[in-house]
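Each chain, written out:
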Amino acid sequence: MTAKIKILAFLSVYMFSYGCITIPTPENKVLSGEKISGKQLVFIEHGITSKSEIIDQLGLPDIHLIDKNIFAYNWQTRQAIMIWAIAAGYSGSFGAVDIPKNYVLLIRFDTEDIVNNYAITTRSWFESYGDHLIEWIQKNEKSQ
């Protein structure tokens, strides 16, 4: 038996035994938003880069927290694919679902709209968007 056939046989037995299988994938497929890499952020300098420069380089943010003077840019990449199957009597169904990873670029500005701090963060599916922002804001305020 070739290695390909052995792998397919194993995956088939595993999937039908347990109902689903998750296959990790490279995170190069963007599912939503626009991916922002560290290379795109090299122009940002703490205490120098302005809010208008951020908008010129990255576009308008997905979220602008006016009271905290924070921009948030969001995107999701595929981190895995889950293949599932359900059997019931003489019928059944199967399919595949993307398992995403949530990213948020957070940029905080001072009172003069100059970059104070920024970070690319990942948000768990078990954490609400609001809780994620509050946690980052609190952590950011403690470090100043």
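**Examining the side chain of Gln76**
By secondary structure assignment, the location of Gln76 is in strand S4 (residues 70–88). A relative accessible area of 18% means that Gln76 is categorised as buried. Looking at Gln76, its side chain comes within polar contact range of the side chain of Asn102, at 2.7 Å. If sequence neighbours within four positions are ignored, Gln76 has contacts with Lys29, Val30, Leu31, Ser32, Pro100, Lys101, Asn102 and Trp125.

**Thoughts on the packing of aromatic side chains**
In total, this model carries three aromatic pairs according to the counting rule given. Measuring from ring centre to ring centre gives 6.3 Å for Phe71 and Tyr73, while their planes differ by 80°; the resulting arrangement is edge-to-face. The pair formed by Phe71 and Tyr73 is uniform in burial state, with each residue classed as buried. Seen from their ring centres, Phe71 and Phe109 are 5.0 Å apart, and the 75° between their planes marks the pair as edge-to-face.

**Let's talk about the confidence of the model for the protein chain**
Keep in mind that low pLDDT regions are not for reading the predicted coordinates in detail. Confidence along the protein chain averages 84 in pLDDT terms, with 85% of residues attaining 70 or more. Taken element by element, the protein chain is modelled with least confidence in helix H1 (residues 3–18), mean pLDDT 58, and with most confidence in helix H2 (residues 51–58), mean pLDDT 96.

**Looking at the environment of Ser52**
Here Ser52 shows up in helix H2. When the C-alpha atoms of Ser52 and Asp113 are compared, they prove to be 8.3 Å apart, with 61 residues separating the residues in sequence. A polar side-chain atom of Ser52 sits 3.1 Å from a polar atom in the side chain of Ser50.

**Describing H2**
Those residues of H2 that fall on the buried side of the exposure criterion are Lys51, Ile54 and Leu58. Considered in projection along H2, the buried side chains sweep an arc of 55° and stay on one side of the axis. Facing away from the buried surface of H2 by more than 90 degrees, the exposed residues are Asp56 and Gln57. Phi turns positive, to about 85°, at Gly59, one or two residues after H2.

**Considerations on the layout of surface pockets**
By volume, the largest pocket is sized at about 160 Å³. As for the largest pocket, its lining consists of Gly33, Glu34, Lys35, Ile36, Gln40, Gln57, Leu58, Leu60, Asp62, Tyr73 and Asn74. Those elements giving two or more residues to the lining of the largest pocket turn out to be H2 and S4. In terms of residue class, the lining of the largest pocket is made up of four nonpolar, four polar and three charged.

**Observations concerning unusual backbone geometry**
Positioned with a positive phi, Asn69 is a non-glycine residue whose angle comes to about 55°. Here Asn69 shows up in the loop between strand S3 (63–65) and S4. The exposure class of Asn69 is buried, given its relative accessible area of 12%. For Asp113, which is not glycine, the phi torsion reads 60° and is therefore positive. You can see Asp113 is positioned in the loop between strand S5 (91–109) and strand S6 (115–123). The class for Asp113 is partly exposed, based on a relative accessible area of 31%.

What counts and what doesn't
- Residues numbered from 1 in each chain as written.
- Predicted model: local features only at pLDDT ≥ 70, side-chain atom pairs only at ≥ 80, totals over all residues.
- Heavy atoms only, no water.
- Helix = DSSP H or I, 4+ residues; strand = E, 2+ residues; numbered from the N terminus.
- Buried < 20%, exposed > 50% of the residue type's maximum accessible area, 1.4 Å probe, protein only.
- Polar contact = N/O pair within 3.5 Å; in protein donor to acceptor, adjacent residues only side chain to side chain.
- Contact = heavy atoms within 4.5 Å.
- Phe/Tyr/Trp six-rings, centres within 6.5 Å; stacked < 30°, edge-to-face > 60°.
- pLDDT = per-residue confidence, 0-100.
- Arc of directions from axis to C-beta.
- 1 Å grid on protein atoms, 1.4 Å probe; cavity = no way out; pocket = protein on both sides within 12 Å on 5 of 7 lines; lining within 4 Å.
- Points joined across faces, edges and corners; volume = space filled by probe spheres on them.
- Nonpolar A, V, L, I, M, F, W, Y, C, P; charged D, E, K, R; others polar.

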